[in-house]
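A look at the structure
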Number of protein chains: 2
Amino acid sequence: MAEIHPEHSHIIEQTKANMPSEEILVKTAEFFKVVGDPTRIRILAALSEGEMCVCCLCDLLEMTQSAVSHQLSVLKAARLIKNRREGKQIYYSLDDAHVGAILCTGISHVEEG
Amino acid sequence: MAEIHPEHSHIIEQTKANMPSEEILVKTAEFFKVVGDPTRIRILAALSEGEMCVCCLCDLLEMTQSAVSHQLSVLKAARLIKNRREGKQIYYSLDDAHVGAILCTGISHVEEG
DNA sequence: TGAACATATGAACAAGTATTCATATGTTTT
DNA sequence: AAAACATATGAATACTTGTTCATATGTTCA
């Protein structure tokens, strides 16, 4: 660990004071981490178009039912998606419009850059 | 892999057609993944307050110089930050305002939720 | 030129994670 | 009630990744 330069300590303290709390930063990192996986972002992109049952997602993503279910549970635990049962099938959808908006922001950032 | 229900194939095809390309989705996931780490998001939050040299970041984050440098190189490779040299020190800053905006979006999402 | 300083980087290790396989749960149909 | 279907879930494995340690690079100062 480097030494603290006296002339820097002011900047450090000021920055510390203005930054969001450690708790908020950690939670935000967790949020981005959940979105930062190709399978999960494909699921979210699909659900942006409307609710969909698990088997549809499997067909669409060309992935195992088990793999899809595992990722759905991660997304649900993070409250990014919700589900409802209709007969034998379970339909998933984005938890709120906010999620879709953040997704769009990321996508357009990539498209521009 | 589940069987394809004929009555679902229409929804699947339509969703596929409306979704962003595989390439875009993968790149977007990579972008979110980079932001989705506590150390890196702390660095970004600090740099949101203004440019800062590596040793300041080490003091602020209370982390090893090596660990900080490694994460800085990840952030730079993803074009989220840039740097300039001034004498012996190297100052890092956000690559553009867009990055700070996305960070804020994520933070406020967490603060609300 | 050599010493001191600031930062970068390669290798190694520990910890985390996405998928697979096997199986369990819950629903409908016969 | 049993069979068929849709989804969930635990364990195991292969892969990824963040940090540490040691060292290299590049700059300034004496």
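Up top you'll find the structure we're talking about.
In this convention, every chain numbers its residues from 1, walking through the sequence in written order. For this description, chains carry letters from A and ligands carry numbers from 1, given in the order in which they are written. For a predicted model such as this one, the threshold for reporting local features is a pLDDT of at least 70, and the threshold for listing and counting side-chain atom pairs is 80 or more; totals across whole chains, interfaces and linings nevertheless cover every residue. Hydrogens are left out, water is left out, and the side-chain values use all remaining heavy atoms of the structure.

**A closer look at the protein's contact with DNA strand D**
The immediate surroundings of DNA strand D are formed by 25 residues, with Ser69(A), Tyr92(A), His5(B), Lys33(B) and Ser66(B) found nearest. Residue proximity to a molecule or strand is established when one non-hydrogen atom of the residue lies within 4 Å of it. When the atoms of DNA strand D within 4 Å of the protein are grouped by moiety, sugar and phosphate amount to 61% of the total. A distance of 3.0 Å separates a phosphate oxygen of DNA strand D from a polar side-chain atom of Gln71(B). In this text, helices come from DSSP runs of H or I with a minimum length of four residues, and strands from runs of E with a minimum of two, each type numbered from the N-terminal end. Counting residues per element, the ones that place at least two in the surface near DNA strand D are helix H4 (54-61), helix H5 (65-77) and strand E3 (89-94) of chain A together with helix H3 (38-48) and helix H5 (65-77) of chain B. Whenever two N or O atoms come within 3.5 Å, that pair is a polar contact, provided that in protein one can donate a hydrogen and the other can accept it, and provided that, for residues adjacent in sequence, both atoms are side-chain atoms.

**Structural notes on the packing of aromatic side chains**
Here a pair means two rings of Phe, Tyr or Trp (six-membered ring of Trp) with centres within 6.5 Å. Their orientation is stacked below 30 degrees between planes, edge-to-face above 60, and tilted elsewhere. This model, assessed by the stated rule, comprises 3 aromatic pairs over all chains. Seen from their ring centres, Phe31(A) and Phe32(A) are 5.4 Å apart, and the 55° between their planes marks the pair as tilted. Classification of Phe31(A) as buried rests on a relative accessible area of 8%. Classification of residues uses two cut-offs on accessible area relative to the type maximum, computed with a 1.4 Å probe and protein chains only: under 20% is buried, over 50% is exposed, and between them is partly exposed. By relative accessible area, which is 1% here, Phe32(A) ends up buried. Arranged with centres 5.7 Å apart and planes meeting at 15°, the rings of Phe32(A) and Phe32(B) form a pair that is stacked.

**Remarks on the side chain of His109(B)**
Positionally, His109(B) belongs in helix H6 (residues 97-112). Relative accessible area serves as the criterion here: at 13%, His109(B) is assigned to the buried category. Those residues within four positions of His109(B) in sequence are excluded, and the remaining contacts are Phe31(A), Leu80(A), His98(A) and Ile102(A). Here, two residues are considered to be in contact whenever any of their heavy atoms come within 4.5 Å of each other.

**What about the sheet that holds strand E2 (residues 81-86) of chain A?**
The pairing criterion for strands is at least two bridges between them, as found by DSSP. Judged by pairing direction, the sheet is antiparallel, and its 3 strands sit side by side in the order E1-E3-E2 (chain A) without closing on themselves. Where the open sheet ends on each side, the last strands, each with one partner, are strand E1 (52-53) and E2 of chain A.

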